[in-house]
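Fold and geometry: a report
One-letter residues, chain by chain:
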Amino acid sequence: PASPAAPGSSAPPAPGGGEAEAALRAALREAAPRARSPDLFTRLGLPDGASREEVKRAFLQIARQLHPDRFASPALADLADEVRAFFTAVNEAYAVLSDERRRTEYLQGLRRGVADPGLADAARVDFQKGEACLRTRDFARARGFLEAAVRADPRAEYQAALAWCHLADPAARDPERARALLAEALRDAGCDRAQYVAGILARDEGDEPGAERAFRAALAANPRHAEAARELRLLEGRRGRRRG
């Protein structure tokens, strides 16, 4: 969505010097979890029901502080995907909350206990695109689509897919983020994918009992989960060889 007063065109130049870059990195790390919230006001650091003028001021403040142009330094290149996902989430919040019609629909949805009826459809499309990218091992694009899906509709299947993306990407593996996503996804005991990914994480960390429990839980939720069954056979085979 278009930004008010085109903040991208007036963003400060990329910072120079280690201290400035460290400050930018710290500011992004602090703000990024907030931007993953399905609550649009939270993404902007605002209380529910903040006025459209407050929304605009908050967005412009974020744009001045954390616009992607400020992360152009080679020393911050590792944050490119995170910055892009962060600012996309902030833009999504601004686009809804600054538009009178969409803001009214969103607030009505909150009163009914639904964040935004239209977001569920968008989340499903983003999830499907993320899955397609995972199949081609385009992890960077998959991560972007899946982050958008989780923001719009934090259901267990989407969280588990994003956790898998963070574990399977050899260039940007992030087990801590995967663990946080799985902590949410595993609240749905019927999500076999979340159990399976939790098993992979436990296996990679050398926790064989935890991995076995997770793979068995995945099979209990879905007896046809072939990958979980294969991982269990591999664990049992390793145990047998050790005994031998």
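The structure displayed is predicted, hence computed values, not measured ones. (Residues numbered from 1 in each chain as written. Predicted model: local features only at pLDDT ≥ 70, side-chain atom pairs only at ≥ 80, totals over all residues. Heavy atoms only, no water.)

Right, let's get into the overall build of the chain. What the chain contains, in helices and strands, is 12 helices and zero strands. For the chain, the succession of helices and strands along the chain, N to C, is α-α-α-α-α-α-α-α-α-α-α-α. Scored against the burial criterion, the 244 residues of the chain give a buried share of 45%. Counting only contacts in the chain whose residues sit at least 6 apart along the sequence, the fraction spanning at least 24 positions is 60%. Carbon together with sulfur atoms contributes 51% to the accessible area of the chain, which is approximately 12600 Å² in total. (Helix = DSSP H or I, 4+ residues; strand = E, 2+ residues; numbered from the N terminus. Buried < 20%, exposed > 50% of the residue type's maximum accessible area, 1.4 Å probe, protein only. Contact = heavy atoms within 4.5 Å. Areas by Shrake-Rupley, 256 points an atom, 1.4 Å probe, with all protein chains shown as cover.)

Okay, the side chain of aspartate 153 next. Along the chain, aspartate 153 falls in the loop between helix H7 (139-152) and helix H8 (156-168). You can call aspartate 153 buried: its relative accessible area is 15%. Setting aside its immediate chain neighbours within four residues, aspartate 153 contacts Ala120, Ala123 and Tyr158.

With that settled, the discussion passes to the packing of aromatic side chains. In this structure the tally under the stated criterion is five aromatic pairs. In this structure an aromatic cluster arises from ring pairing among Phe59, Phe87 and Tyr94. (Phe/Tyr/Trp six-rings, centres within 6.5 Å; stacked < 30°, edge-to-face > 60°.)

This next bit is on the confidence of the model for the chain. Residues at a pLDDT of 70 or more form 88% of the chain, whose mean pLDDT is 85. Of all secondary-structure elements in the chain, the lowest mean pLDDT belongs to helix H5 (residues 100-111), at 77, while helix H10 (residues 192-204) reaches the highest, 95. This model gives residues 1-16 a pLDDT under 50, and the stretch forms 28 contacts once residues within four places in sequence are excluded. (pLDDT = per-residue confidence, 0-100.)

Time to look at the nonpolar core. Leu146, Tyr196 and Phe215 are the most contacted members of the largest nonpolar core, which totals 35 residues. Elements with a minimum of two residues in this core: helix H6 (117-135), H7, H8, helix H9 (175-185), H10, helix H11 (208-221) and helix H12 (226-243). Sequence-distant contacts of tyrosine 196, defined by excluding residues within four places in its chain, comprise Phe215, Ala218, His225, Glu227, Ala228, Arg230 and Glu231. Core analysis: the second largest hydrophobic core is formed by 30 residues, Ala50, Val55, Phe59 and Phe71 among them. (Core = buried A, V, L, I, M, F, W, Y, C linked by side-chain atoms within 4.5 Å.)

Below, the discussion takes up helix H4 (residues 80-97). Taking 1.5 Å per residue as the helical rise, H4 with its 18 residues ought to reach 26 Å, and the 26 Å between its terminal C-alpha atoms agrees with that figure. Burial in H4 covers these residues: Val83, Phe86, Phe87, Ala89, Val90, Asn91, Ala93, Tyr94, Ala95, Val96 and Leu97. (Expected span 1.5 Å × (residues − 1).)

Spanning 14 residues, H11 covers 20 Å between terminal C-alpha atoms, matching the ideal 20 Å at 1.5 Å per step. Among all positions of H11, only Gly210, Ala211, Glu212, Ala214, Phe215, Ala218 and Leu219 are buried. Turning to H11, the residues buried within the fold contact H10 and H12.

On to the environment of alanine 194. Tracing the chain through its elements places alanine 194 in helix H10. If we ignore the near neighbours within four places in the chain, the residues touching alanine 194 are Ala160, Leu182, Ala185 and Leu186.

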